[in-house]
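If you want the building blocks of each chain, they are given just below.
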Amino acid sequence: MPDIREMHADDFDAVRRLDRDVFVTWGREHRGATGTRPPRTRANIRQNHADDPAGCFVAVADDAVVGYIFAHTCGHVGWFGTFGIHPNWQHQGIGGALIERSVAYMEGAGCTTVGLATMPDSTYNVGVYMRHGFRPDGLALRLWRTLPAPPAAPPADTVPAPVWRTLLARQRRAALDDCAALADGLWPGLDYRKVIQYVPGETLLWDDEGHIWGFAAVRTTPKLENSATNTAVVEALIIDAGHADQWPAAIRALEAFAWQRGLRELALTLPDRAHVPLDAALAAGYRFVHINLVMTRRRPAIQWDAGVHSFGWVM
Ligand SMILES: CC(C)(COP(=O)(O)OP(=O)(O)OC[C@H]1O[C@@H](n2cnc3c(N)ncnc32)[C@H](O)[C@@H]1OP(=O)(O)O)[C@@H](O)C(=O)NCCC(=O)NCCS
């Protein structure tokens, strides 16, 4: 059995290569995919690790990294991933051991819910996670659209969205507190302050006379090396229930932001139960491009139509 230890910066390159090989092999074996893909950028791995370094582990055999797992705590809610075991070492209990280490860290850090997102058609993955106490908990639906050129004058109802990084320090703190309250109202204990501050992109804020009723953290940089991204990816997005009628305008504001940043596509992930935003996205021309199965261990009830979030923000 390989040794399991905390991941260090020295492991990042080995983890990047292993992550690529694990998923390229999986794609070949399960999806008939051919070819390869670049590894994640160093910045992406560093950021995956920076959230919760003490919850990230590697499995090492004969001095080689053969497994890895990353943890992300968002207040009392934790997610793990990206996560993989070298194909030659799968089905020997190593993945399960890494899950237990990472989850023990997150529960020790105060998470009352821990979750992950996985391929819904992988009976193996669902079996692994069920064995470790996780239960299927809905689908995360990835929507995507190529953006047409914006109209010369924005529609009258487009909500102006100030961005977090342009605020003064005092306003930033107040905005973070408002966003924390918003997330807590949706899912008690969920806290996206870290995501808002560190997303490699920007966070849009929607407010009413100084009271924030919605925010969207948008990644504008690619995850994979040498891949010039053209896509703005919404990593976390919440709009309070009282502003459900603002979803179409919020989507237009996100598109205008993407266009301003020179990006020509927008991707967002919504839970299958978030009917109001799903309908708004479909009406705006978005198409489903990817489905993940969410699995969680322990969770309080969530008001799905009050907002959404994308699981495991840097995954
Ligand atoms: C998914 C992955 C991380 C799991 O790690 P692993 O080390 O292979 O998993 P483990 O050996 O700890 O767990 C295997 C156990 O899962 C359970 N299991 C597997 N398939 C099952 C099924 N169809 N039904 C019920 N239980 C099942 C069994 O308990 C099995 O052990 P057993 O057959 O000896 O009883 C690894 O296989 C991997 O890297 N896969 C490719 C990348 C990937 O999918 N990453 C995760 C994305 S969310």
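Here the structure is a predicted model, which is why all the values come from computation and not from measurement.

Peer 1: When you look at the packing of helix α1 (residues 12-31) against helix α2 (residues 42-50) in this model, what are you seeing that I'm missing?
Peer 2: The relative placement of two packed helices is expressed as an angle between their axes plus a distance between the axes. Look at α1 against α2: their axes get within 10 Å of each other, and the N-to-C directions meet at 105 degrees. What the angle tells us is that α1 and α2 run roughly perpendicular. Contacts between α1 and α2 involve Phe12, Asp13, Val15 and Arg16 from the former and Arg42, Ile45, Arg46 and His49 from the latter. The residue inventory of the contact of α1 with α2, partitioned by class, reads 3 nonpolar, 1 polar and 4 charged.

Peer 1: Mind showing me how you'd approach the domain arrangement of the chain here?
Peer 2: The extent of an interface is frequently quoted as the accessible surface area lost upon association of the parts. Structurally, the chain comprises domain 1 (3-111) and domain 2 (142-309). A separation of 27 Å is found between the C-alpha centroids of domain 1 and domain 2. The partner domain 2 presents 18 residues to the 19 residues of domain 1 that form the contact. Around 1500 Å² of area is buried between domain 1 and domain 2 when both sides are counted, 54% of it from carbon and sulfur atoms. The interface formed by domain 1 and domain 2 contains 5 salt bridges.

Peer 1: What is the right way to look at the site of the ligand in this model?
Peer 2: Neighbouring the ligand are 23 residues; His91, Gly93, Gly95, Gly96 and Tyr124 lie closest to it. In this structure, an oxygen atom belonging to the ligand sits 3.2 Å away from a main-chain N or O atom of glutamine 92. The backbone of glycine 95 places a nitrogen or oxygen atom 2.7 Å from an oxygen atom of the ligand. When the ligand is considered free in solution it has 960 Å² of accessible area, and contact with the protein chains removes 75% of it. Those elements that provide at least two residues to the shell around the ligand are α1, β4 (77-85), α3 (94-108), β5 (113-118) and α4 (123-131). With 7 residues, α4 is the single largest residue contributor to the shell around the ligand.

Parameters and conventions
- What you see as residue numbers is a count from 1 along each chain, following the sequence as written.
- With the structure being a predicted model, the display of local features is reserved for residues of pLDDT at least 70 and the display and counting of side-chain atom pairs for 80 or more, all residues being used for whole-chain, interface and lining totals.
- Side-chain figures throughout are based on the complete set of non-hydrogen atoms in the structure, without hydrogens or water.
- Axis definition: a line fit to C-alpha positions, over the contact stretch in the case of helices; interaxial angles, taken between N-to-C directions, run 0 to 180 degrees.
- Runs of H or I in DSSP of at least four residues are treated as helices and runs of E of at least two as strands, each being numbered from the N terminus.
- Roughly parallel covers angles under 35 degrees, roughly antiparallel covers those over 145, roughly perpendicular covers 65 to 115, and oblique covers all other angles.
- Whether two residues are in contact is decided by their heavy atoms, any of which lying within 4.5 Å being enough.
- Under the convention adopted here, Pro, Cys and the residues Ala, Val, Leu, Ile, Met, Phe, Trp and Tyr are nonpolar, Asp, Glu, Lys and Arg are charged, and Gly plus all remaining residues are polar.
- Residue ranges assigned to each domain were obtained from an automatic or database domain assignment.
- Using a 1.4 Å probe, buried area is obtained as the accessible area two parts lose upon being combined, added over both of them.
- Should a side-chain nitrogen of Lys or Arg be within 4 Å of a carboxyl oxygen of Asp or Glu, the pair is scored as a salt bridge.
- When at least one non-hydrogen atom of a residue lies within 4 Å of a molecule or strand, that residue is treated as near it.
- We define a polar contact as two N or O atoms separated by no more than 3.5 Å, with the added condition that, inside protein, one atom must be a possible hydrogen donor and the other a possible acceptor, whereas residues neighbouring each other in sequence contribute only through side-chain atom pairs.
- Only the protein chains shown count as cover for residues, with accessible areas throughout obtained via the Shrake-Rupley method and a probe of 1.4 Å.

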